[in-house]
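Here is how the chains run, residue by residue.
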Amino acid sequence: MHKVLLVDDEYMITEGLKVLIPFEKWNMEVVATANDAEEALDYVKNHPVDLVITDVNMPNVTGIDFISQAKELGQDFAFIFVSGYQEFEYVKRGMELGAKNYLLKPIDKVELH
């Protein structure tokens, strides 16, 4: 079973993703959620994950910085950015880091699948 980490400073987003995405259908399980990038980085340092779905804009440390720092530490997982902002620089940086996708909030269920 593939392990998934959900990261967003909005509690309702992480809880909504759990309901919106049929993780079991793709042999996945949400093993943890994090309310900020620092908590997520601490988690991936000690627990391997296969997929991270993370918000871009969060207080203190952005989702982009989180992914960048995790990669510098040698963490290897696929990731998808979600954001309420359609900022080209965010999309560009996400692509440079190897993002599998960049989805805009509100998240479209069909697009996510």
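Report follows, based on the coordinates. (Residues numbered from 1 in each chain as written. Predicted model: local features only at pLDDT ≥ 70, side-chain atom pairs only at ≥ 80, totals over all residues. Heavy atoms only, no water.)

## Quick notes on the nonpolar core
Point 1. If you look at the biggest cluster of nonpolar residues, it comprises 23 residues, and the most contacted ones within it are Leu5, Val7, Val44, Val52, Phe66, Ile67 and Phe77.
Point 2. Secondary-structure elements contributing two or more residues to this core are strand S1 (2–7), strand S2 (28–34), helix H2 (37–46), helix H3 (63–72) and strand S4 (78–83).
Point 3. The dominant element in this core, judged by the number of residues it contributes, is H2, at five residues.
Point 4. Among all residues touching Phe66, those that are not within four sequence positions of it are Leu5, Val7, Ala37, Ala40, Leu41, Val44, Val52, Thr54, Val61 and Phe77.
Point 5. Counting residues in hydrophobic clusters, the runner-up holds twelve residues, among them Ile21, Met28, Ile53 and Val82. (Core = buried A, V, L, I, M, F, W, Y, C linked by side-chain atoms within 4.5 Å. Buried < 20%, exposed > 50% of the residue type's maximum accessible area, 1.4 Å probe, protein only. Helix = DSSP H or I, 4+ residues; strand = E, 2+ residues; numbered from the N terminus. Contact = heavy atoms within 4.5 Å.)

## Notes on the side chain of Asp8
Point 1. Among the secondary structure elements, Asp8 is positioned in the loop between S1 and helix H1 (11–20).
Point 2. At a separation of 2.8 Å, a polar atom in the side chain of Asp8 contacts the main-chain amide nitrogen of Glu10.
Point 3. Here the side chain of Asp8 touches Lys105 through a polar contact of 2.9 Å, side chain to side chain.
Point 4. Once residues lying within four places of it in the same chain are set aside, the contact partners of Asp8 are Ile13, Thr14, Ala34, Asn35, Asp55, Met58, Val82 and Lys105. (Polar contact = N/O pair within 3.5 Å; in protein donor to acceptor, adjacent residues only side chain to side chain.)

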